Amino acid sequence: MDVLLVVDIQNDFLPGGALGVPEGDVVIPVINRLMDRFVLVLATQDWHPANHGSFAANHPNRQPGEVIDLNGIMQILWPVHCVQGSSGAAFSTRLHTERFAKVFQKGIDPEIDSYSSFFDNARRRSTGLIDYLRERNVGELFICGLATDYCVRFSALDSIQSGIRTSVIEDACRGVDLKPGDSAAAITQMRQVGVSIVDSTEIVRRMNHR
Ligand code: VGL
Ligand code: ZN
């Protein structure tokens, strides 16, 4: 079975949000259209406690964008975002969330960040997504959402590494681009390890002909 994974379409990642991704909102109608084409749609939600170690505000004299060592792992510091239960952590109301069969939350442990939908950044704790996909005999995983250079990228890399056929729907993703070109580099890296980079129109067309 083909599965669509919708990554982090939360208010804080949309323009005007705490960690607003440029043009992040334009992917919402694209994703709504895509969801019509999949029998199984899954989602992820960045879901941090207020004391999360990835927040610059939780480290004295640190600013967003700076890099620190967080329990042995390189950590980019972010503005406070996606705090559990806050409106910023909620999915956009424009998104057809009623199509989500299950939501996998990540970034819950204050000691470690989790960009990937599968594992935390130290690959210690699983979100349960890999078992869920294997139990349902996933054929191919199609990934879309925010942000291309973080959660989409690390999810696609873990998916491929787990032996799952993986596509990233490029026009249904947008990146943070902390450094200009980060998203383009992420696309190149994903392609190099065997991720198919596809366009939503291609998917919608392909599925129409089955
Ligand atoms: C993300 C930065 C921090 C993402 C999450 O969803 O790509 N980026 N937390
Ligand atoms: Zn986060």
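For every chain, the first residue of the written sequence is number 1, and numbering continues from 1 onward in sequence order. Each chain takes a letter, starting from A, and each ligand takes a number, starting from 1, following the order in which they are written. In keeping with the predicted nature of the model, local features appear solely for residues at pLDDT of at least 70, side-chain atom pairs appear and are counted solely at 80 or more, and the whole-chain, interface and lining totals rest on all residues. As a rule here, side-chain values cover all heavy atoms of the structure and leave hydrogens and water aside.

So what's going on with the coordination of the zinc ion (ligand 2)? Residues and values would help.
Sites may look incomplete because water is not among the atoms; the donors themselves are N, O and S atoms within 2.8 Å of the metal, or within 3.2 Å for Na, K and Ca. Within the protein, the zinc ion (ligand 2) binds to Asp46 (OD), His48 (NE2) and His81 (NE2); these donor distances fall in the range 2.0 to 2.2 Å. Working rule for geometry: tetrahedral if four donors all subtend angles between 85 and 135 degrees; square planar for four, octahedral for six, if opposite donors exceed 155 degrees and the others stay between 65 and 115; irregular in every other situation. Coordination at the zinc ion (ligand 2) comes from four donor atoms whose angles at the metal span 87 to 168°, giving a geometry best classed as irregular.

How would you sum up the sheet that holds strand S8 (residues 196-198)? Please name residues and give values.
Strand-to-strand pairing in sheets goes through backbone hydrogen bonds, with the strands running parallel or antiparallel. Strands pair, by our definition, only if DSSP identifies at least two bridges between them. Numbering of helices and strands runs from the N terminus, with a helix taken as a DSSP run of H or I at least four residues long and a strand as a DSSP run of E at least two residues long. Taken together, the six strands give an open sheet; going across it, the order is S5-S2-S1-S6-S7-S8, and neighbouring strands pair in parallel fashion. Each of the sheet's edge strands pairs with one partner strand only, and the pair in question is strand S5 (100-106) and S8. Across the sheet, the mean angle separating the axes of adjacent strands is 25° when strand polarity is ignored. Across three bridges, the pairing between strand S7 (residues 165-174) and S8 is parallel. Note on method: axes are straight lines fitted to C-alpha atoms, helices fitted across the in-contact stretch only, with angles between N-to-C directions ranging 0 to 180 degrees.

Break down the pairing of strand S6 (residues 140-146) for me, with residues and values.
Most of S6 sits out of view: seven of its seven residues are buried. Here S6 shows two buried faces, one formed by Glu140, Phe142, Cys144 and Leu146 and the other by Leu141, Ile143 and Gly145. Bridging between strand S1 (residues 2-7) and S6 involves six bridges; their strand directions are parallel. Bridge assignment links Leu4 to a residue of S6, and that residue is Phe142. With six bridges connecting them, S6 and S7 associate as parallel partners. Three exposure classes are used, based on accessible area relative to the maximum for each residue type with a 1.4 Å probe and protein chains only: buried under 20%, partly exposed in between, and exposed over 50%.

The values are spatial; any link to function lies outside them.
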